[in-house]
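Residue-level structural notes
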Amino acid sequence: MPLKKNQIIPLTIEGISSDGSGVGRWEGEAIFIPGTAPGDLLDARIVKDCGRYAFGIIEKLVTPSADRIPLDCPAAGPCGGCALRHLDYAAELRAKEEIVADAFRRIGGLELPVHPILPSPEVDRYRNKVQFPVGRDKNGAPCIGFYAGRSHRIIPCPDCKLQPTILNEIANALCGLFGQYGLAPYDEETGKGLLRHIFLRQGKHSGQIMVCLVCTRGRLPHSEEITRALLEKFPEITTILLNVNPQKTNVILGQETKTLYGPGYIQDTLCGVPVQLGPLSFYQVNTLGAEQLYQVAAEYAAPSPEDLLLDLYCGMGTIGLSMAHQCKELIGVEIIPEAIESAKSNAARMGAEIAAKSRFFCADAGQAATQLAAEGLTPDIIVLDPPRKGCDEATLSAVVRMAPRRLVYVSCNPATAARDAAWLAKEGYRVERIQPVDMFPRTKHVETVMLLSNSLITAPLKK
Ligand code: SAH
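Residues numbered from 1 in each chain as written. Predicted model: local features only at pLDDT ≥ 70, side-chain atom pairs only at ≥ 80, totals over all residues. Heavy atoms only, no water.

Notes on the pairing of strand β21 (residues 429-437)
The following threshold applies: Buried residues are those whose accessible area, probed at 1.4 Å on protein chains only, stays under 20% of the maximum for their type, while exposed residues exceed 50% and partly exposed ones sit between those limits. Secondary structure elements follow DSSP: runs of H or I no shorter than four residues count as helices, runs of E no shorter than two count as strands, and numbering proceeds from the N terminus. In this scheme, strands are said to pair when DSSP sees at least two bridges between them.
Of all the 9 residues making up β21, 8 are buried; the element is thus mostly covered by neighbouring parts of the structure. Of the pairings in the sheet, the one linking β21 to strand β22 (residues 447-454) comprises 8 bridges and is antiparallel in character. Within β22, the residue paired with Arg-430 across the bridge is Ser-453.

Structural data, given as structure tokens:
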């Protein structure tokens, strides 16, 4: 019997799905309910039945799970960013470990031990990058917040718990200044108004702060007064930028950026690699989490002084560069030109020896890998860190043709990691290690590092 819309059914939540919802079963059908915890007994109201699975909401929480903790953010439900804020952190970690194991089992068909997940060194306020849309509060004053689900309406959120307090304070102070000078937030529906987003970054180790105001026009009235007031209150601010985005789009940043104050970038380090960050740079958002991730990647890669390391999807080169001291040669490939420029200058700042042994190419990973394979390049180790959709077959088959001793696959999507692992396993790469790493506490996201070895040339690792 298909479930009807608005039908109410009793449900026990058994686990957390990869979209962050709790999952229970009703006559064999999986029912997804957001905001629930494993062990919850509830009455669920069905919103939509899709045949083999259905979506619902909590009608009544009959017996709450012992894994629940009180919600400490008024925006937690509608915001959707912290899909797991109602779980205690140990339960969140268990759920993420299970999401990874489940993906390898179901999607990869690989029944392999998954290492216990590495917790994030910081559970709240870990993000080094903030992008707040600017809207109006109920009194009409400019405020920061987030878009209510599938709408253009902004729900105020003055203290997001994932962001460092100082970044929330800067954004709130800016909104106060916008109000004081009569500057209007951008209205997505009408396309009118000036201020679209407040984009902030803070270097975890350096403490330097970048403020970038994303505006519909290239001129910010009262920019001098705003800059002065902001710097007086927050001396940690290193640079202030104005990014121009006149398009009717939900892409945050526009093409053009002007510097209102300071050098136009901030500096920081990641696993000892010096980095220079502007608004466009891709940079891991949880610095301490990323350093832990890179350490696992380095341990798995274990380069020796004779090795050539190929870093595919290298961003600004940080994973490969963090291991550059240990290998003979490093090649990085990345599709975004600015990221490649950053990778080159990061290498240069590490000194002449590292710069001399590193090369970075701006290209599609698949095309570059195909060409490098055709040229007879034989990297000893390949690191892959693709976006959520994973690698395409062109990339994977070129990687296999180059026959590296080891592959280190870093992934922000267990489903595509498992799919690609299964493909590589068929081509002779043995999955040796699967290490989930929590880079995004309180959210549904989980990172995974995998080690795969060439089964023709290496013996299996001891467990
Ligand atoms: N390894 C880096 C970046 C990982 S994020 C780090 O740790 O910081 C994934 C990267 O893949 C992004 O920088 C993105 O720009 C890049 N990318 C996306 N599609 C690509 C493609 N087809 N070819 C090469 N790089 C790609």
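Quick word on the site of the ligand
To keep it simple, the criterion reads: Nearness is judged by heavy atoms alone; a residue qualifies as near a molecule or strand once a single heavy atom is within 4 Å of it. Any N or O atom pair separated by 3.5 Å or less is treated as a polar contact, with the protein-specific requirement of one donor-capable and one acceptor-capable atom, and with residues adjacent in sequence counted only for side-chain atom pairs. Computed with the Shrake-Rupley method and a 1.4 Å probe, the accessible areas treat only the protein chains shown as cover for residues. Charged means Asp, Glu, Lys or Arg here, nonpolar means Ala, Val, Leu, Ile, Met, Phe, Trp, Tyr, Cys or Pro, and polar covers whatever is left, Gly included.
What surrounds the ligand is a group of 16 residues, the closest being Gln-284, Tyr-294, Glu-334, Asp-364 and Ala-365. Asp-364 places a side-chain nitrogen or oxygen 2.7 Å from a nitrogen atom of the ligand. Notes on the ligand: free accessible area 570 Å², of which the protein chains cover 87%. Taken together, the residues of the shell around the ligand break down into 10 nonpolar, 3 polar and 3 charged.

Focus on the packing of helix α3 (residues 165-180) against helix α4 (residues 223-233)
Just so we agree on the cut-off: Axes here mean lines fitted to C-alpha atoms, for a helix over just the part in contact, with angles spanning 0 to 180 degrees between N-to-C directions. In this scheme the crossing of two helices becomes right-handed for a clockwise turn of the near helix relative to the far one and left-handed for an anticlockwise turn of less than a right angle. Whether two residues are in contact is decided by their heavy atoms, any of which lying within 4.5 Å being enough.
Following both chains from N to C, one finds α3 and α4 inclined at 145°, their axes separated by 11 Å at the closest point. Seen from above, α3 lies across α4 with right-handed handedness. Contacts from Ile-170, Ala-173, Leu-174 and Leu-177 in α3 reach Ile-226, Ala-229, Leu-230 and Lys-233 in α4. Within the contact of α3 with α4, the residues separate by chemical class into 7 nonpolar, no polar and 1 charged.

Some remarks on the UniProt feature "active site" (unreviewed entry) in the protein
Put simply, the test is: UniProt positions are given in the numbering used here, feature names are shortened, and annotations may be inferred rather than shown by experiment.
In this structure's numbering, the residues bearing the UniProt feature "active site" (unreviewed entry) are Cys-412. Within the secondary structure, Cys-412 is located in the loop between β20 (406-411) and α11 (414-426). Non-local contacts of Cys-412, meaning those with residues more than four positions away in its chain, are made with Pro-386, Pro-387, Arg-388, Val-446 and Glu-447.

With respect to helix α10 (residues 393-402)
For α10, the full list of buried residues reads Thr-395, Leu-396, Ala-398, Val-399, Val-400 and Met-402. For α10, the elements touching its buried residues are β16 (308-312), α9 (365-374), β19 (381-384), β20, α11 and β21. Positive backbone phi, at 50°, marks Ala-403, one or two positions downstream of α10.

Thoughts on the side chain of Thr-443
Here Thr-443 lies in the loop between β21 and β22. Among all residues touching Thr-443, those that are not within four sequence positions of it are Gly-81, Cys-82, Ala-83, Leu-84, Glu-92, Lys-96, Tyr-126 and Leu-162.

Remarks on the domain arrangement of the protein
For clarity, the cut-off: As used throughout, domain bounds are those supplied by an automatic or database domain assignment.
Split into domains, the protein comes out as domain 1 (8-68), domain 2 (102-120 + 286-454) and domain 3 (129-268). Between domain 1 and domain 2, the C-alpha centre-to-centre distance is 36 Å.

Considering the sheet that holds β19
An order of β18-β17-β16-β19-β20-β22-β21 is seen for the 7 strands of this open sheet, with the pairing classed as mixed. Both edges of this open sheet fall to β18 (358-362) and β21, since each of them pairs with a single strand only. Taking the axes of each pair of neighbouring strands and ignoring which way they run, one obtains an average angle of 15° across the sheet. Across 5 bridges, strand β17 (residues 329-334) lies against β18 in parallel orientation. When the bridges of β18 are listed, Glu-334 appears paired with Cys-362. Its contacts with the sheet place helix α5 (residues 287-301) against β19, β20, β21 and β22, and it is angled at close to 10° to β22. On top of the sheet, helix α7 (residues 337-349) reaches β17 and β18; it is set at about 170° to β18, its chief contact.

Digging into the pattern of salt bridges
For clarity, the cut-off: By convention in these notes, a salt bridge is any Lys or Arg side-chain nitrogen within 4 Å of a carboxyl oxygen on Asp or Glu.
Tallying each qualifying case throughout the model produces 18 salt bridges. With a closest N to O distance of 2.8 Å, Arg-85 and Asp-72 form a salt bridge. Residue Arg-85 is found in the loop between α1 (76-79) and α2 (89-106), and its partner Asp-72 is found in the loop between β6 (53-63) and α1; the two are separated by 13 residues along the sequence. For Arg-85, a relative accessible area of 2% gives the class buried. The class for Asp-72 is partly exposed, based on a relative accessible area of 36%. Among the ionic pairs, Arg-359 bridges to Glu-329, the shortest N-O distance being 2.9 Å. Here Arg-359 is found in strand β18, whereas its partner Glu-329 is found in strand β17, with 30 residues between them in sequence. Since its relative accessible area comes to 39%, Arg-359 is described here as partly exposed.

Structural notes on the nonpolar core
Going by this rule: Buried Ala, Val, Leu, Ile, Met, Phe, Trp, Tyr and Cys residues form a nonpolar core when they are joined through side-chain atoms within 4.5 Å.
Core analysis: the largest hydrophobic core is formed by 82 residues, its most contacted members being Ile-170, Ile-198, Val-211 and Leu-230. Structurally, this core is a two-domain feature, drawing no fewer than three residues from each of domain 2 (102-120 + 286-454) and domain 3 (129-268). Residues within four places of Ile-170 in sequence aside, it is in contact with Leu-200, Ile-209, Val-211, Leu-230, Phe-234 and Ile-237. Counting residues in each nonpolar core, the second largest holds 40 residues, with Ala-373, Leu-377, Ile-382 and Ala-398 among its members.

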